Amino acid sequence: GAVVSQHPSWVICKSGTSVKIECRSLDFQATTMFWYRQFPKQSLMLMATSNEGSKATYEQGVEKDKFLINHASLTLSTLTVTSAHPEDSSFYICSALTGNEQYFGPGTRLTVT
Amino acid sequence: GQNIDQPTEMTATEGAIVQINCTYQTSGFNGLFWYQQHAGEAPTFLSYNVLDGLEEKGRFSSFLSRSKGYSYLLLKELQMKDSASYLCAVRPVAGTALIFGKGTTLSVSS
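Calculation notes
Residues numbered from 1 in each chain as written. Chains lettered and ligands numbered in written order. Predicted model: local features only at pLDDT ≥ 70, side-chain atom pairs only at ≥ 80, totals over all residues. Heavy atoms only, no water. Helix = DSSP H or I, 4+ residues; strand = E, 2+ residues; numbered from the N terminus. Rg over C-alpha atoms; globule rule 2.2 N^0.38 Å. Buried < 20%, exposed > 50% of the residue type's maximum accessible area, 1.4 Å probe, protein only. Disulfide = S-S within 2.5 Å. Polar contact = N/O pair within 3.5 Å; in protein donor to acceptor, adjacent residues only side chain to side chain. Contact = heavy atoms within 4.5 Å. Buried area = accessible area lost by both parts, 1.4 Å probe. Salt bridge = Lys/Arg side-chain N within 4 Å of Asp/Glu carboxyl O. Nonpolar A, V, L, I, M, F, W, Y, C, P; charged D, E, K, R; others polar.

Chemist: Would you take a moment to explain the overall build of chain B for this structure?
Modeler: When its secondary structure is counted, chain B shows zero helices and eleven strands. Element order for chain B, N to C, with α for helix and β for strand: β-β-β-β-β-β-β-β-β-β-β. Its C-alpha atoms give chain B a radius of gyration of 13 Å, near enough to 13 Å, the size a compact globule of 110 residues would have. Each of the three principal axes of chain B carries a C-alpha extent, and together these read 40 × 30 × 20 Å. Looking at chain B as a whole, 47% of its 110 residues are labelled buried.

In structure tokens, the structure reads:
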């Protein structure tokens, strides 16, 4: 149990376009999901906390208008990177909270050319 | 602020024992976690400590001292497949996101 999926697993897009990443909790409901970003050889940096039915809470330095988060249901949160630039190329990992446990998705590798 | 420190790199040989230390200074404390991460993959859960003491789980053990803001992950009988990054993470408040250290890259050689 407690499986979190992400789609797509990798994506290449052109600079200026938008990319949507989906995060699903497959066998449990998650009122809270988290989005992290990881640059090469660095640790996971929390971007935002996504709560079902309400606006996401963004960490300091993360542009909410650039990284749009929607948590429309108890099993789905989406992260849209708008007007992507090469510096947005990174590994994006979502995580879903159930009880006191935090389960991670497999990650999405975004490359912006 | 939140600060979690761990060594950047460590090396060890097969069959040996290695201890990866982690110190933390966070606004609150609701548990300390250790994760393993292979390159290009998501982190996988290894251990969780919320009370002081040692938690043992097969070849892996984790220790916590809340008064010292200190934890370590002990890996025994090292195998080549243990070569990975090991992440120390703290949950400052129940129900909030884990805050991660920068990770320790462990290289196991034969």
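Chemist: Teacher, can you tell me more about the state of the cysteines here?
Modeler: Here a disulfide denotes a covalent bond joining the sulfur atom of one cysteine to the sulfur atom of another. Residues and elements named next belong to chain A. Going through the model one piece at a time under the given rule, you end up with two disulfides over all chains. A disulfide bridge connects Cys23 with Cys94, and the sulfur atoms are separated by 2.0 Å. Residues Cys23 and Cys94 are joined through a disulfide that is right-handed, its torsion about the S-S bond being 75°. Highlighted residues: Cys23 in strand S3 (residues 19–25) and Cys94 in strand S9 (residues 90–98), separated in sequence by 71 residues.

Chemist: Help me understand the side chain of Gln6(A) in this model?
Modeler: Residue and element names in this part refer to chain A. Looking at the element boundaries, Gln6 is found in strand S1 (residues 4–7). Judged by its relative accessible area of 9%, Gln6 is buried. In this structure the side chain of Gln6 is engaged in a polar contact, spanning 3.0 Å, whose partner is the backbone oxygen of Tyr92. At 3.0 Å, the side chain of Gln6 and the backbone nitrogen of Gly107 are in polar contact.

Chemist: Honestly, the interface of chain A and chain B in this entry has me stumped. Any pointers?
Modeler: When the parts come together, some accessible area is lost, and that loss is often what is quoted as the size of the interface. Tallying the contact residues gives 18 residues for chain A and 17 residues for chain B. Summed over both sides, the interface of chain A with chain B buries roughly 1,300 Å², with 53% coming from carbon and sulfur. Taken as a group, Ser43(A), Asn100(A) and Phe104(A) account for 35% of the area that chain A buries against chain B, more than any other trio of residues on that side. Linking chain A to chain B there are zero salt bridges. At the boundary of chain A and chain B, one finds five residue pairs in polar contact (both at pLDDT 80 or more). Elements with a contribution of two residues or more to the side of chain A that touches chain B: strand S4 (32–38), S9 and strand S10 (101–104) of chain A. Among the residues making up the side of chain A that touches chain B, the classes are represented as nine nonpolar, seven polar and two charged.

So far we have only geometry, and geometry alone does not tell us how the molecule works.
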